[in-house]
Structure formats: C-alpha cells, structure tokens
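Listed below, chain by chain, are the residues.
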Amino acid sequence: MMLIQFKVNGKSYSIDVCPTMRLLDLLRDELGLTGTKEGCAEGECGACTVIIDGEAVNSCLVLASQVRGKEIITVEGLGEDGKLDILQQKFLEHSAVECGFCTPGMLMSAKALLMKNPHPTEEEIRLAIAGNLCRCSGYSQIVAAVKDAAKG
Amino acid sequence: MKYVGDRVAAVVATSFAAAMEAVSLIDVEYEELPALLTTEAALENKEAKIQPRGNLAHEYEVDAGEVPSMADDCIIVESETQTQRTHHGALEPHVCIADYDSSGKLTVWTPTQGVFGVRTVLAELFGLSYSKVRVIKIPTGGSFGGKQEYLFEPVTSFMAMELKRPVKLLLDREECIIHTRVRPAVNTKIKTVVTKSGKLQEFIADSTLDAGAFSGSAPDYARSLSLKVTKLYRIPHYKHTGRAVYTNTVKSGGARGWAAPEIITATEVHMDQVARRLKMDPVEFRLQNLVHPYDMDPVLNLSVGDARVIECLEKGAEAFRWKERFSDCGKDQGRYRRGVGVACGAHKNGMYGGFVDCTSMVLKMNEDGSLNLNASLHDVGCGTTTAMKIIVAEVLDIDPDLITVTEADTELTGYDPGCYGSRVTYNVGACAKETAEILKDKILGRVSFILQKPKEYLKVENGHVVTIGTDQRGISYKEIAEKAVQENYTDLSVAHTYYSPSNPGSYSVQFAEVIVDSATGLTRVTDFLAVGDVGRVLNRGMVEGQFQGAVQMGIGYALCEEVKIDDQGKPVNNSFKKYHMVNAPDMPDVKVLLIEHEGDDGPFGAKSVGEISAVPTAAAVINAVNHALGTSLSELPLTPEKILDAPGTVPGAFLGSKMHRG
C-alpha cells in the first residue's frame, strides 16, 4: 500500500492505495464517485474520462498512484450548488443524452476542450471526443451541445 | 463446450480480486474437437451434431400470392448478400445482482428489456412461485436487443441461493462480445422477376441464418426474415424459404431491427441491381413498387396502415437532390470515387398478428395534483419514460415534470411483455394515453359532481378543470384531488389494460453519399439523410437522435463492424481495440426528415422509431459504394480489403490500389 495525496473536484484526499489499483477504481470504489463509467477497460471507449491537471484522460489507464499531487475533475465536479454546468445544460437542451452511459466521459472530454479552447470549431469538437464512443446518438446532438455551450 | 466463449465455471468470492485470483487457479484441460464454424459446414456434416437433434435449428417456408403468368417482357435478376455477425456495442457492460432472503424470496436487479420473462425463467428453473421471484429493471446503459433475453440472471441467482448472500456478476468487454449474444450472420439469395417497365412480379428468397451454438431466439429471428419485404413492396408472388443453423460459434440473439436490417440489406442491394439492369433510376424503380397506404401485407394478412414510404422517398429524393447527385456521381475515374445510394426499409409496431400484445398501468393523482404512473417500463436509453410523461401530460394538460413514472418491477408493476419489438411507443404509449383519458374522465366526473354541471360542459386546461366557454380560473387538480380524498372518500386512481388492435408498418428511406479511396479501399460517408414515417413525433430531439444513432450503427454494419471468428473458432476481435465502431470524426452530419401524420392507432398517431431507423442504413451505404465504383459488392462489411479485391467491373478502377499495395 502507498499513501498518496491528491485533489478531486476541489477536495483534498490522503488515501492508502494498492500499487495496482486504477484511478477508475479509486474514484468509484474508494471515493464513491460512480459517475465515471467503465465500458472497456482498455482506453478505447472513453466512458471513464476524467480531467487530470487540465487534460482529458482515460481513468482506466491510469494507476491511482500516478495521481499523487494532482488535481482531478470528475463529472461530479461539474456544476456548482446544485446548478448544472453549461455543458450539462446544453446536453439536455440538445437531447444529447440517450442511455447516458457515455455522457460523463463525453462531458469531461468536452470540458477539457473548452478549458483550453473556449471557441472550438466543429472539427476540433469532433476530434476532442474522438476517443469517446457513443452507441445511441450518432454524435450530432452532442457536437451541437458542445458548440452551443462554447457560445456561452 | 460448444464454442470459444462458452461457459466453463463460475466462481463467487468476497471480492472481485479474490474471484479473479480463484479463476486464474482453475486449470482446464481441453480436448479439441473439429469445429463446424460455418452454416455450410454444419449442414454438410450430419455426423457431428452441435445439438442433439442435429445442426438444423429451424426451417420455414412462406409462400404468398400467385405466380403471375410469365409475360415475355420480364427480366430475372439474382443476387446473393452476406451480412455478418455484429456486437450490439451498448457502452454499459452486462451486469446483474441477485439476493435470496430468509423468507425464500429471490430478488434480482438487472438492466433487462423484459423483467417478466426473466422472472418466468428463474421461477421455473428454481421451482419458485412467481410471487417469490422479484425482478427489478435498473437503469440501462444501452441494449439494442443485447439485453433482451435472460442472460446471467440464472447463474447469479443460483450463487445467491446457494450462499444466501447477495451476488453480483459483471462482465468485461471481451465477455460482452464473445459470450452474450451477437446479431446473427445471414446469407440471402434473392431472385426477382421484373417487367421491363419496372414492376416486380415475383420475389423468391432463400436465407440461412447462423444461430451460433444454441438456438435461443434464432428460430423466431429466422422466421422474421420472411416478414419484412411484403410490408415494403407490392409483390404479386412472394416466396421465402429459410433456416437457422447451429455452428460452433457465439450465440446469436435479438438485435435492433430483429431480421429487418439483415433482409432489407439483401433486398435493397438487390433492388439496385434490378434498377441497373433495367437502366432505371433506383428511386424511380422503387416508386413503382413500394406499398401504398392501407395495402394488405399478404404474408401476415395485416394492413400496413397509413404507410407513407412513397412520400418518404419522394420528399427525401427532393431534399437530397437525388436526381442531380445520382447522375453527377459515380463517374470519377481518379483515386477518390464519389457515389450516392438510397435504400428503403419497413418494420413493425408491436406483436399484434403474432401474439396478444397487452400492457397494464395504474395512474393516480396525488392530493397536490401531481401524478404517478405505475407502468412496467424498461427505458434502455430511448426516452421511454419521458415519452410516457409527455403522453399523460398532453391528455391532462399538465407539466410533464409533475409526473413520476416507474420502471418495471415484477412485484410492483403490471404485466408487460417487455420493451422491445417496436411495441413501446405504439402500444405501451397508447396504454398510457387511454389510462390518462380514463383518469381525466374520472376527474371530470368528480368536478361535475362538485359543480353540479354535466361533464360535457367541462374541460381540462393547464392543470385545472374549467367550464367551457367561461373565463373562470376553474378548479385546480390539487383542489380536486384533495376533495376526493378528504370529502368524497375516494381517490383519483385508475387501472387499465390495453390490447393493441393493429400492427402497421413504420418506414424509413435513407440516402448516403460516400467517397471511396480506391488506393486504400477506405470508404468515408460524407453526407446522409434519414427520412422517417414514424407517425406523429412525440419528442423531436429523441426521435432525431434515434435516427442519427441508428445511422452510426448502420455505417458500422456496412463498412467495418464484424465479430470475426478464425478458422480455429476463436473470436478475433474481442475488444473495442479490435472491434471498431464509428466515432465522432468519422460520422457525417446526419440530417433527419420526418413525414408526420396521425393515421394509425398509436398515441396521437405515433409509431415506432428505434428499430426502423436502423433498417435501411447499411443498404444505402453499400449502394452508394457500388454506385461510386460501378461494382455489385454485397458481402458485408465492405472493408478496405474487400473493396480493393472487388472484381474490376470498371476497367482500370483499381490500378491505383494495386500500386499502393504492391
């Protein structure tokens, strides 16, 4: 076991983790942040995407011990005081949520994009979510929602 | 074991890590037997029986109509199309939890499309009364038919019953791909007799479906192959023979469209070949043969209802600028070849004509005027619960947010066969509408008593009952419901069972534009229009999303998705790394055009959308590729290898590719 300190959604944690534990398991099983989903466990589907120090990352491919000293944002960290983040609001308005399983990962990839590039082109949006598979929507409404959120 | 991926053992432990450790300690010795991996091999080899009764799981023959007197001016066109086994690709892996308590009650939480079916299987299997098995549908991260049948509920329940403790079973992606169900591979040979002026006379088809190692739903699925084409085309003589065949491969099962994507792909690829032989525009040829509103489907002897497929094709062709693009494309001789394709599709609305399709609901108004709809819904991501709220809200003229809707729970909600088979909006939605109408009548009855006015003088408006022709505010639902309980010793709740009276067709016509790179064989879908006749649209965003998502699935079906089995019987692409689904940069912007009307029995005229949206996509893409290349490719998926190996029907078409590969 190893003791690591890190921040999730602005809150500081100091936790003993097993060296083989994935960040995804740390978030879901230790912290109870089950918004982050597991769809493939090999970094292909993007359902487990979280933001680490501003970068969208597949949390199934990151060991828990690698987040020592880092700042993580999960889908639970979007929005404040019960108010949805503008991305979440736009996803709802554009019917961009169907089964919802890819949605947390989509939101985090889109959030990471907008944090770096507040006014992305459609191509940049599509590239930013290229690693997030969705089987329900065909992506059109998701892309439209991100575009709309970028407008503010 | 009957196939690679079959069950060997189950281990239960106090943690996931311990269970995996235990699994790694199991040492299995296999004696390898020759595997029958194709339907041809399984049918030829009568000695090696995959199932005790042999390798033929089911056979059917459908023969409808009369053979027309063969006029001289007919042509005969023959084709063969192979569609492949695919993975449903729901992002959420399969999971379930079972618990067996000290009272002898089994409770199972599962993201299924049909709790009552799972309950029946569990109760019969374990000898429990139906009342002692509680199956609860939990939020579901996509299904597409992959969570329609009972899957892991029995083994999880067995473990829970043995241990008297809750047990959870969660599959990884590899297990989802190789050990749940796949869309079955189907081979279809079609022969049509068509007049030179373009009228279909005969349609003779023969289909062979690869069931995998167990039968499951394969016999029904195979028979369903014969129930689609006559909903789409007027055919004087239709004959369809077919069979489901066991092979030593992963089990097939229900998949979005249930045989329609398979048979319609074969049909629509064939229809393009007919049009080409006749030197007719594919749209013009289809327009001569599509069904008209209220035609009778001669196979099921059912009306196709207010079928607007002709309107879909005409308006779609105009919106897509078909004529212009069809004549402009398909002529490129350079590296990049542009082509356009069209395909039509038909699907159903529920089970009527097959078996009794009923559903039961309870709707109650609380004392604050809010509503609870108790229904056996299984929302798998299609917006089912929202649709029911919209329907009830429309009848009672109330904010949908004031309505809470349940999902299925065998202990608490009424019977329903399950949310599949394109029966949900059409039948379950119609039940919600009738139930709300009965409650509305009851509410008006209460107010009629309170105001001492005939019901006919009253109407509902914005959460109130008002007297027609007055500008008074009226009585709010809250007041009415409170009075009912406190003064009239009754409550405002109704129970209703609805039986579907019809099963019309839902229709979609889809147009694709592709660019094929003749050097690499890669195809890109660059434009797409999906036209739908799904009756009246209840939730536009969700309906458009259903079409756009269906196109994502259909493009994969046409171009890249396949659960491949090697010659040893081992699945080749057992992960998302190797099983490619179309991602955002590779998806075209899918436009959706809806031909709305209210001619059928669904709520406010709504019809099914989730399955029909996925029916003609692959054929539209395949036809576009064939248009681009001047080929007749019909073995799905059209991977770069197949495109590069295509017979050079256009002289010199593949020179570039050969150089590239050489």
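Residues numbered from 1 in each chain as written. Chains lettered and ligands numbered in written order. Predicted model: local features only at pLDDT ≥ 70, side-chain atom pairs only at ≥ 80, totals over all residues. Heavy atoms only, no water.

Trainee: Would you explain the overall build of chain B in this entry?
Mentor: Counting its secondary structure elements, chain B contains 18 helices and 22 strands. Its C-alpha radius of gyration of 27 Å places chain B within 12% of the 26 Å reference for a compact globule of 662 residues. Taking the principal axes of the C-alpha coordinates as reference, chain B spans close to 85 × 70 × 50 Å. Residues classed as buried in chain B amount to 60% of the 662 residues present. (Helix = DSSP H or I, 4+ residues; strand = E, 2+ residues; numbered from the N terminus. Rg over C-alpha atoms; globule rule 2.2 N^0.38 Å. Buried < 20%, exposed > 50% of the residue type's maximum accessible area, 1.4 Å probe, protein only.)

Trainee: Honestly, the pairing of strand E20 (residues 506-517) of chain B in this entry has me stumped. Any pointers?
Mentor: Each regular strand displays side chains that alternate between the two surfaces of the sheet. Residue and element names in this part refer to chain B. The element E20 is largely enclosed, with a buried count of 11 among its 12 residues. As judged from the 12 bridges shared by strand E12 (residues 336-347) and E20, these two strands associate in the antiparallel manner. Each residue of the ladder has a partner; that of His347, found in E20, is Ser506. Both E20 and strand E21 (residues 523-533) contribute to a ladder of 10 bridges, which runs antiparallel. Pairing of Tyr507 across the sheet is with Asp533, part of E21. (Pairing = 2+ DSSP bridges.)

Trainee: Would you explain the interface of chain A and chain B in this entry?
Mentor: Many structure descriptions define interface size as the accessible area lost when the parts assemble. If you look at the interface, chain A gives 25 residues, while chain B gives 37 residues. In total, chain A and chain B occlude about 2400 Å² of area from one another, counting both sides; carbon and sulfur atoms represent 57% of this. Applying the counting rule to chain A against chain B returns 1 salt bridge. Close ionic contact of Arg135 of chain A with Glu561 of chain B constitutes a salt bridge, the shortest N to O distance being 2.7 Å. Remark: the boundary between chain A and chain B carries 15 residue pairs in polar contact (both at pLDDT 80 or more). Looking at the side of chain A that touches chain B, the elements with two or more residues in it are helix H4 (122-128) and helix H5 (140-151) of chain A. When its residues are assigned to classes, the side of chain A that touches chain B shows 13 nonpolar, 6 polar and 6 charged. (Contact = heavy atoms within 4.5 Å. Buried area = accessible area lost by both parts, 1.4 Å probe. Salt bridge = Lys/Arg side-chain N within 4 Å of Asp/Glu carboxyl O. Polar contact = N/O pair within 3.5 Å; in protein donor to acceptor, adjacent residues only side chain to side chain. Nonpolar A, V, L, I, M, F, W, Y, C, P; charged D, E, K, R; others polar.)

Trainee: Looking at this structure, how should I read the domain arrangement of chain A?
Mentor: All names here are of chain A. Split into domains, chain A comes out as domain 1 (2-77) and domain 2 (86-151). Here domain 1 and domain 2 have C-alpha centroids that lie 21 Å from each other. Contacts between the two partners involve 17 residues from domain 1 and, on the opposite side, 14 residues from domain 2. Of the roughly 1200 Å² buried where domain 1 meets domain 2, counting both sides, 67% is carbon and sulfur surface. It is Thr49, Ile51 and Val75 in domain 1 that bury the most area against domain 2; as a group they hold 35% of the surface buried on that side. Connecting domain 1 to domain 2 are 1 salt bridge. Linking domain 1 to domain 2 there are 5 residue pairs in polar contact (both at pLDDT 80 or more). Secondary structure elements with two or more residues in the side of domain 1 that touches domain 2: strand E3 (49-52) and strand E4 (55-58). Ranked by residues supplied to the side of domain 1 that touches domain 2, first place goes to E3 with 3 residues. Class assignment of the residues belonging to the side of domain 1 that touches domain 2 gives a composition of 7 nonpolar, 6 polar and 4 charged. (Domains from an automatic or database assignment.)

Trainee: Would you mind showing me how to read the domain arrangement of chain B here?
Mentor: Residue and element names in this part refer to chain B. Annotation of chain B at the domain level lists domain 1 (33-83 + 183-291), domain 2 (94-170), domain 3 (306-349 + 504-662) and domain 4 (358-499). Each of domain 3 and domain 4 has a C-alpha centre, and these two points are 41 Å apart. Taken together, the contact pairs 17 residues of domain 3 with 17 residues of domain 4. Taken as a group, Leu538, Pro603 and Phe604 account for 37% of the area that domain 3 buries against domain 4, more than any other trio of residues on that side. Along the contact surface separating domain 3 from domain 4 lie 2 residue pairs in polar contact (both at pLDDT 80 or more). By residue class, the composition of the side of domain 3 that touches domain 4 is 6 nonpolar, 6 polar and 5 charged.

Trainee: Can you help me understand the side chain of Ser518 of chain B in this one?
Mentor: Residues and elements named next belong to chain B. Considering the arrangement of structural elements, one finds Ser518 in the loop between E20 and E21. Assessed through its relative accessible area of 4%, Ser518 is described here as buried. Here Arg335 takes part through its backbone oxygen, which lies 2.7 Å from a polar atom of the side chain of Ser518.

Trainee: What am I meant to see in the packing of aromatic side chains here?
Mentor: For any two aromatic rings, the description comes down to two numbers: the centre-to-centre distance and the angle of the planes. If you walk through the whole model with that rule in mind, you get 7 aromatic pairs over all chains. On the numbers, 5.7 Å between centres and 20° between planes, the contact of Phe6 of chain A with Tyr13 of chain A is stacked. Taken together, the aromatic side chains of Phe320, Trp322, Phe326 and Phe511 of chain B make up a single cluster linked through ring pairs. Directly above the aromatic system of Tyr557 of chain B lies the positively charged group of Arg183 of chain B, at a separation of 5.3 Å from the ring centroid. Against the face of Phe604 of chain B rests Lys433 of chain B, its NZ or CZ located 5.0 Å from the ring centre. (Phe/Tyr/Trp six-rings, centres within 6.5 Å; stacked < 30°, edge-to-face > 60°. Lys NZ or Arg CZ within 6 Å of the ring centre and 35° of its normal.)

Trainee: What is the right way to read a nonpolar patch on the surface from this model?
Mentor: A surface patch of nonpolar side chains, about 600 Å² in accessible area, is lined by Met1, Val8, Val11, Val23, Ile26, Val28 and Tyr30 of chain B. Relative to the helices and strands, Met1 of chain B is located in the segment before helix H1 (16-25). (Patch = residues over 30% accessible without salt bridge, like charges linked within 9 Å, V, L, I, M, F, W, Y side chains within 5 Å. Areas by Shrake-Rupley, 256 points an atom, 1.4 Å probe, with all protein chains shown as cover.)

Trainee: Got a minute to help me understand the pairing of strand E7 (residues 186-195) of chain B in this structure?
Mentor: Residues and elements named next belong to chain B. For E7, the tally of buried residues reaches 8 of 10 residues, placing the bulk of the element in the interior. Judged from the 10 bridges that link them, strand E2 (residues 74-83) and E7 form a sheet pairing that is antiparallel. The partner of Thr81 across the bridge, within E7, is Thr188. Both E7 and strand E8 (residues 200-212) contribute to a ladder of 9 bridges, which runs antiparallel. Each bridged residue has a counterpart across the sheet, and for Ile190 the counterpart in E8 is Ala205. Here E7 folds back onto E8 in antiparallel fashion, the turn holding 4 residues, of which Gly198 has a positive phi close to 100°.

Trainee: Help me out: how do you make sense of the pattern of salt bridges in this one?
Mentor: Close approach of charged atoms allows side chains of opposite charge to pair. Residue and element names in this part refer to chain B. In the structure shown here, the tally under the stated rule is 46 salt bridges over all chains. Note that Arg524 is salt-bridged to Asp586, the shortest N-O span being 3.1 Å. In this pair, Arg524 sits in strand E21 while Asp586 sits in the loop between helix H15 (540-559) and strand E22 (590-594), placing the two residues 62 residues apart along the sequence. Residues joined in a network through salt bridges with shared partners are Arg325, Arg338, Glu513, Asp527 and Lys591.

Trainee: When you look at the packing of helix H2 (residues 86-93) of chain A against helix H3 (residues 103-116) of chain A in this model, what are you seeing that I'm missing?
Mentor: The relative placement of two packed helices comes down to the angle between their axes together with the axis-to-axis distance. Residues and elements named next belong to chain A. Relative to each other, H2 and H3 sit at 125°, their axes nearing to 10 Å. Taken as axis vectors, H2 and H3 run oblique relative to one another. The hand of the H2/H3 crossing is right-handed. Residues Leu87, Gln88 and Phe91 of H2 touch H3, and the partners they reach there are Thr103, Met106, Leu107, Ala110, Lys111 and Leu114. (Axes fitted to C-alpha atoms, helices over the stretch in contact; angles between N-to-C directions. Parallel < 35°, antiparallel > 145°, perpendicular 65-115°, else oblique. Left-handed = near helix turned anticlockwise from the far one by under 90°.)

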